[in-house]
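# An overview of the molecular structure
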Amino acid sequence: MMGRQEAPAQLFYDFDLEQHVPANHMLREIDLFLNGDALREALRPFYSHLGRPSIDPELIIRMLVIGYVMGIRSERRLCDEVHLNLAYRWFCRLGLEGSVPDHSTFSRYRHGKFRESGLLRQVFEATVERCLKEDLVSGEGFAVDASLISADANKVRSIAAEDWSPEAARQADNRAAREYLETLDDAAFGAASPSQPKFVAKSDPAAQWTRAEESRPYFAYATNYLIDTKSSVIMDVEATRAIRQAEVGASRTMLDRTEKRFGIKPDWLAADTAYGNAENLGWLVEKRSIIPFIPVIDKSERTDGTFSRSDFEWDEKNDQYICPEGHGLKQFRRNYSDPTRGQDTGGRKKYRALKATCQVCPSKEICCPRADARYVTREPHEEAREFARQCRKTKAYKVSRDKRKKVEMLFAHLKRILGLTRLRLRGPNGAKDEFLLAAIAQNLRKLAKLRPRSIKQEAAA
Ligand code: SF4
């Protein structure tokens, strides 16, 4: 006979939530690595001792962690899910009957005490500390990269950049526009870049009109990750405008912050060509003594069969290049008191051969067929660039190239598994909050996967 499930008439239940959450549920593992007491301690100075008790900030953080770990970024939906899901209730310490906060609470906390206290960054750094404690970080080699995430802004409601002005942002008077005005001179965020986008979104003016490879242009922010390549732990995360200079600047900010906060400086850094400009390589090699496993941006190679700069040998001692015929190319042939004389605006120096030498040279046709004499330029930080070129010939470079892919895999995970393809929050601070929460979720998932409870129990036994 076909059975039929009837609602039991029993009025009182003996229900233990703990027993109904599967032993291998990911949130059980993540729960081991989230320290609620530390969160409350960080927020304590921002609360008064008087008045009604607030909603527990740990509850809000736990709900946000569920949202980003499980890919539920709508706060309305998150409230519904936490209300209905037993595992989520268990993780939030709500029991069966605890009430779930209203979705509007999230934005109040985000724009209020969380931002004042920098709580999300503190939670993120706590995950990194935990990864260090669990021996998931070697500190030997880091990789850095940026990925574009679509902003919550639409082309239809944008205006041409020439019709845009900070005054228009003041008139718009929304939170994203106010934050945009605050970051106007923040070079690190990329807002002070001379590059002019084609369109500006009125709802989120800091979002950059840009395009990824083979895609249509769209408004986006860039999330920048600095990872340790041992276990792909995210050591730091930074939100910037989707501008190359800002992304390179973010890599330096993250390296400095990681050293200051955790006392870790990598032996080497792997990155793609975008990070291979002279200034960045000079900073890494000369100032920070970090080996750059980064392809050098080099436009000096010729493809027309004539000598490239690499055919000329650098003579450090005499500050000259030696051409393939053995003649010296000098910047000056007499002494000048001004050390910057002869440099162009980019700091490049020109080294010239003597016209009289080149005119009678048997190699002139494959050296400077259309000029009276040959010259080659020397970029600023050329020693660092040359060092990076030599690094590229090593076996360690090949290993680092494979390890660099780990940061790309994290971005793929971010978009495909956590569903962060489009931001929900607007403005620079909205992007910062979302990228921090996503990085917290990824580090917690990493801890849950690589240091599960079963390993801990075995160790304790
Ligand atoms: S053309 Fe001038 S620079 Fe070039 S190989 Fe001859 S002497 Fe040297």
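In the nomenclature of an unreviewed UniProt entry, the protein chain is known as Transposase of Donghicola tyrosinivorans.

Next up on the list: the pairing of strand β13 (residues 375-378). Alternating positions in β13 separate cleanly, Val-376 and Arg-378 being buried on one face and Tyr-375 and Thr-377 remaining unburied on the opposite face. In terms of strand pairing, strand β12 (residues 349-352) meets β13 through 4 bridges, oriented antiparallel. Following the sheet pairing, Lys-350 is matched in β13 by Thr-377.

Right, let's talk about the site of the ligand for a bit. Taken together, Cys-323, Glu-325, His-327, Ala-353, Cys-358, Cys-361, Lys-364, Cys-367, Cys-368 and Arg-374 make up the full set of residues adjacent to the ligand. A breakdown of the residues in the shell around the ligand according to their chemical character gives 6 nonpolar, 1 polar and 3 charged.

Our focus in this paragraph is the pairing of strand β1 (residues 141-150). Of all 10 residues in β1, 10 are buried, a share of seventy percent or more. Where burial is concerned, the two faces of β1 agree: the one with Gly-141, Ala-143, Asp-145, Ser-147 and Ile-149 and the one with Phe-142, Val-144, Ala-146, Leu-148 and Ser-150 are both buried. Two elements, β1 and strand β5 (residues 218-228), share 9 bridges in a ladder whose sense is antiparallel. Its bridge partner lying in β5, Val-144 is registered against Leu-226.

Considering all chains together, one arrives at 10 aromatic pairs under this definition. Counting every residue linked through ring pairs, the aromatic cluster contains Phe-199, Trp-209 and Phe-219. Over the ring of Trp-90 we find Arg-28; its NZ or CZ atom is 4.8 Å from the centre of that ring. The ring of Phe-199 is capped by Lys-155, whose NZ or CZ atom sits 4.3 Å from the centre of that ring.

If you trace the backbone, Gly-249 turns up in helix α11 (residues 244-262). Judged by its relative accessible area of 24%, Gly-249 falls in the partly exposed class. Sequence separation between Gly-249 and Tyr-275 is 26 residues; the distance between their C-alpha atoms is 9.4 Å.

Judged by side-chain charge, Arg-392, Lys-395, Lys-398 and Arg-401 come together as a positively charged surface patch. The topology assignment puts Lys-398 in helix α15 (residues 395-416). The partly exposed category is assigned to Lys-398, whose relative accessible area is 45%.

The subject of this paragraph is the nonpolar core. Residues Met-63, Val-65, Val-82, Tyr-225, Leu-269 and Phe-435 are the most contacted members of the largest nonpolar core, which totals 108 residues. The two domains that each donate at least three residues to this core are domain 1 (17-117) and domain 2 (138-295 + 392-428). Membership of the second largest hydrophobic core comes to 11 residues, among which are Phe-312, Tyr-321, Ala-353 and Val-376.

Turning our eyes to something else, we now look at the pattern of salt bridges. In the structure shown here, the tally under the stated rule is 35 salt bridges. A salt bridge links Arg-424 to Glu-75; the shortest N-O distance between them is 2.6 Å. A residue pair is termed long-range when its members are at least 10 positions apart, and Arg-424 in the loop between α15 and α16 (427-450) and Glu-75 in helix α5 (residues 75-84) qualify at 349 residues. Residue classification places Glu-75 among the buried positions, given a relative accessible area of 10%. With a closest N to O distance of 3.6 Å, Arg-77 and Glu-81 form a salt bridge. Here Glu-81 and Arg-77 lie together in helix α5, a separation of 4 residues that amounts to about one turn.

Conventions and cut-offs
Residues numbered from 1 in each chain as written. Predicted model: local features only at pLDDT ≥ 70, side-chain atom pairs only at ≥ 80, totals over all residues. Heavy atoms only, no water. Buried < 20%, exposed > 50% of the residue type's maximum accessible area, 1.4 Å probe, protein only. Helix = DSSP H or I, 4+ residues; strand = E, 2+ residues; numbered from the N terminus. Pairing = 2+ DSSP bridges. Near = heavy atom within 4 Å. Nonpolar A, V, L, I, M, F, W, Y, C, P; charged D, E, K, R; others polar. Phe/Tyr/Trp six-rings, centres within 6.5 Å; stacked < 30°, edge-to-face > 60°. Lys NZ or Arg CZ within 6 Å of the ring centre and 35° of its normal. Patch = residues over 30% accessible without salt bridge, like charges linked within 9 Å, V, L, I, M, F, W, Y side chains within 5 Å. Areas by Shrake-Rupley, 256 points an atom, 1.4 Å probe, with all protein chains shown as cover. Salt bridge = Lys/Arg side-chain N within 4 Å of Asp/Glu carboxyl O. Lys, Arg positive; Asp, Glu negative; His and termini not counted. Charge placed at Lys NZ, Arg CZ, Asp CG, Glu CD. Core = buried A, V, L, I, M, F, W, Y, C linked by side-chain atoms within 4.5 Å. Domains from an automatic or database assignment.

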